[in-house]
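An overview of the molecular structure
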Amino acid sequence: MHEFDLSSAIVQTVNKHADGRKVTHITLQVGRLRQVVKDTLLFYLAIVGRDTPCEGATLEIIDVPAVLVCNNCQNEWEIEIPAFICGTCGPGAVEVKTGEEFMVESIEVEDEEDAACTAPR
Amino acid sequence: MHRTKVRVVEDALDANNTIASANRSDFDRSNVTVVNLMSAPGAGKTTLLERSLEGLAEEGLRVGVLEGDVQGSFDADRLSVLHIPVVQLNTDNGFGGECHLDANMVRSALPAVPLDDMDVLIVENVGNLVCPAEFRIGEDARIMVCSVTEGEDKPLKYPLMFRACELVVINKIDLLEHLDFDVDRLEANILQVNHHAKVIRVSAKTGEGVEEFRAWLQALPSRPAAAAHEHDHHDHEHDDHADHEHAPA
């Protein structure tokens, strides 16, 4: 249900960097801990992006695994369920290493000059 | 057709966080510590406030409330008897969504909030276990209320929310005798997801545990201390090292 607002945040960020150019592709890093439903995000992005430079852009989502590190024993492991506990040392020194990302990594835009060259004569 | 790849590497929520920083500057100026109060609908946020805020001013802590709701002023009306500043914020004409407060909505409401008349501002978020956890509003601490009618497994289903909070209040414990609910298992699940969370069991109805919640509010670091702490972590503008990094080689 938060995907609508997350889509708005993506469109806002992308359009800022597109600087008026048409966006054809968006690469997004999404950490597993963000609880984002991909299909829902795609659905809303198409709606929110309408009439903006993002309209029609394809979205590539890079899944970032949830990796924890224990600062006590330096053990690193990936979790599939939300258990933030080190098997050896308990929960005290556990930190999230990756999995909380929600980042626009890159965008692909149409270069304006070239776009003009390929316009029908 | 020529396409150019543009490296962005920007958190998509940066725009929200920038506005949250602007809110923080306002809180700094008025020395107000801000708490973001979140829960599922019906967990008892407003009842907890009704029960716990009365008389705090006489004990030296001036509290105000910003009430976020999709529509109506039912909650603000309930709190009006406490004779503390209460401001209603409706999200139906808000920015993007209706299911949570974001930094911009809070910002839009701040002119109506008498910040100079309070030490602590409690922002009661819209009842929802997902979206409010995503959007910082410029707060110093986050409280989550969960009730014993919701299920012991909720921390495992909504880790994003439970991990975001410094304090989890387990409410409605007066109902335990009528329920097949293992409150110890709920607490264990909370700590499995967020080991650093403080957990307080209360009944906003009977008042059990409410005194501990009041004490938690009273022990909140006052704004200048909270602000200094925050600057250590996030504000590099006046940081010598950052200056060196940006200096020409």
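Look above for the structure.
None of these values were measured; they are calculated from a predicted model.

Some details on the overall build of chain A
If you tally the helices and strands in chain A, you get three helices and six strands. Here the C-alpha radius of gyration of chain A, 19 Å, is well above what a compact globule of 121 residues would show, namely 14 Å. Structurally, chain A occupies a C-alpha span of about 70 × 30 × 20 Å along its principal axes. In chain A, which comprises 121 residues, the proportion classed as buried is 31%.

Comments concerning unusual backbone geometry
Non-glycine residue Gln74 of chain A carries a positive phi angle of around 65°. Within the fold, Gln74 of chain A resides in the loop between strand S3 (67-70) and strand S4 (76-78). For Lys172 of chain B, which is not a glycine, the phi torsion comes out positive at approximately 70°.

Some words on the nonpolar core
Core analysis: the biggest nonpolar cluster contains 63 residues, and Leu121, Ile122, Val123, Met144 and Val168 of chain B have the highest contact counts within it. In contact with Leu121 of chain B, other than residues within four places in its own chain, are Val32, Val34, Gly64, Leu66, Val113 and Leu115 of chain B. Among the nonpolar cores identified, the runner-up in size contains 23 residues, and Val14, Val23, Tyr44 and Ile107 of chain A belong to it.

Remarks on the interface of chain B and chain A
Listed per partner, the contact involves 29 residues of chain B and 35 residues of chain A. Those elements that place two or more of their residues in the side of chain B that touches chain A are strand S1 (3-11), helix H1 (14-29), helix H6 (159-163) and helix H7 (183-193) of chain B. Among the elements that make up the side of chain B that touches chain A, the one with the highest residue count is S1 of chain B (nine residues). When grouped by side-chain class, the residues that make up the side of chain B that touches chain A number 15 nonpolar, seven polar and seven charged. Inspection of the sheet shows strand S6 (residues 102-110) of chain A paired to S1 of chain B by seven bridges, in the antiparallel sense. Bridging across to S1 of chain B, Glu110 of chain A finds its partner in Arg3 of chain B.

Structural notes on helix H2 (residues 45-52) of chain B
Of all eight residues in H2 of chain B, six are buried, a share of seventy percent or more. By the burial criterion, the buried members of H2 of chain B are Lys45, Thr46, Thr47, Leu48, Leu49 and Ser52 of chain B.

What about the sheet that holds strand S1 (residues 23-31) of chain A?
To summarise the sheet geometry, strands pair through backbone hydrogen bonds and adopt either a parallel or an antiparallel arrangement. Spatially, S2(A)-S1(A)-S6(A)-S1(B) is the arrangement adopted by the four strands of the open sheet, whose pairing is mixed. Each of the sheet's edge strands pairs with one partner strand only, and the pair in question is strand S2 (58-64) of chain A together with S1 of chain B. Neighbour-to-neighbour, the strand axes of this sheet turn through a mean angle of 15°, independent of strand direction. Both S1 of chain A and S6 of chain A contribute to a ladder of seven bridges, which runs antiparallel. Residue pairing in the sheet places His25 of chain A in a bridge with Glu108 of chain A of S6 of chain A.

Description of the sheet that holds S4 of chain A
Residue and element names in this part refer to chain A. Pairing is antiparallel in the open sheet, where three strands are placed in the order S4-S3-S5. Each end of this open sheet is capped by a strand with a single partner; those strands are S4 and strand S5 (94-98). For this sheet, the mean inter-axis angle between neighbouring strands, taken without regard to orientation, is 30°.

Remarks on the pairing of strand S7 (residues 167-171) of chain B
Note on strand geometry: in a regular strand, side chains alternate between the two faces of the sheet. All names here are of chain B. Burial analysis of S7 places four of its five residues in the buried class, which makes it a mostly covered element. Here strand S6 (residues 141-147) pairs with S7 via five bridges, running parallel. Considered in S7, the bridge of Ile143 is made with Leu167. Sheet topology places S7 next to strand S8 (residues 198-201); four bridges connect them, and they run parallel. Counterpart to Leu167 in the pairing with S8 is Lys198. In the classification by handedness, the crossover that spans S7, the intervening H7 and the parallel S8 is right-handed.

With respect to the pairing of strand S3 (residues 63-69) of chain B
All names here are of chain B. Most of S3 sits out of view: seven of its seven residues are buried. Where burial is concerned, the two faces of S3 agree: the one with Val63, Val65, Glu67 and Asp69 and the one with Gly64, Leu66 and Gly68 are both buried. By the bridge criterion, five bridges tie S3 to strand S5 (residues 120-124) in an arrangement that is parallel. Note on S5: the bridge partner recorded for Glu67 is Glu124. Looking at chain direction, S3 and strand S4 (residues 86-90) are connected through five bridges and run parallel.

Rules used in this analysis
- Residues numbered from 1 in each chain as written.
- Chains lettered and ligands numbered in written order.
- Predicted model: local features only at pLDDT ≥ 70, side-chain atom pairs only at ≥ 80, totals over all residues.
- Helix = DSSP H or I, 4+ residues; strand = E, 2+ residues; numbered from the N terminus.
- Rg over C-alpha atoms; globule rule 2.2 N^0.38 Å.
- Buried ≥ 20, exposed ≤ 12 C-beta atoms within 10 Å, placed from the backbone.
- Core = buried A, V, L, I, M, F, W, Y, C linked by C-beta atoms within 7 Å.
- Contact = placed C-beta atoms within 7 Å.
- Nonpolar A, V, L, I, M, F, W, Y, C, P; charged D, E, K, R; others polar.
- Pairing = 2+ DSSP bridges.
- Axes fitted to C-alpha atoms, helices over the stretch in contact; angles between N-to-C directions.
- Right-handed = clockwise from strand over helix to strand, strands pointing away.

Function cannot be read off these values alone, since they describe shape.
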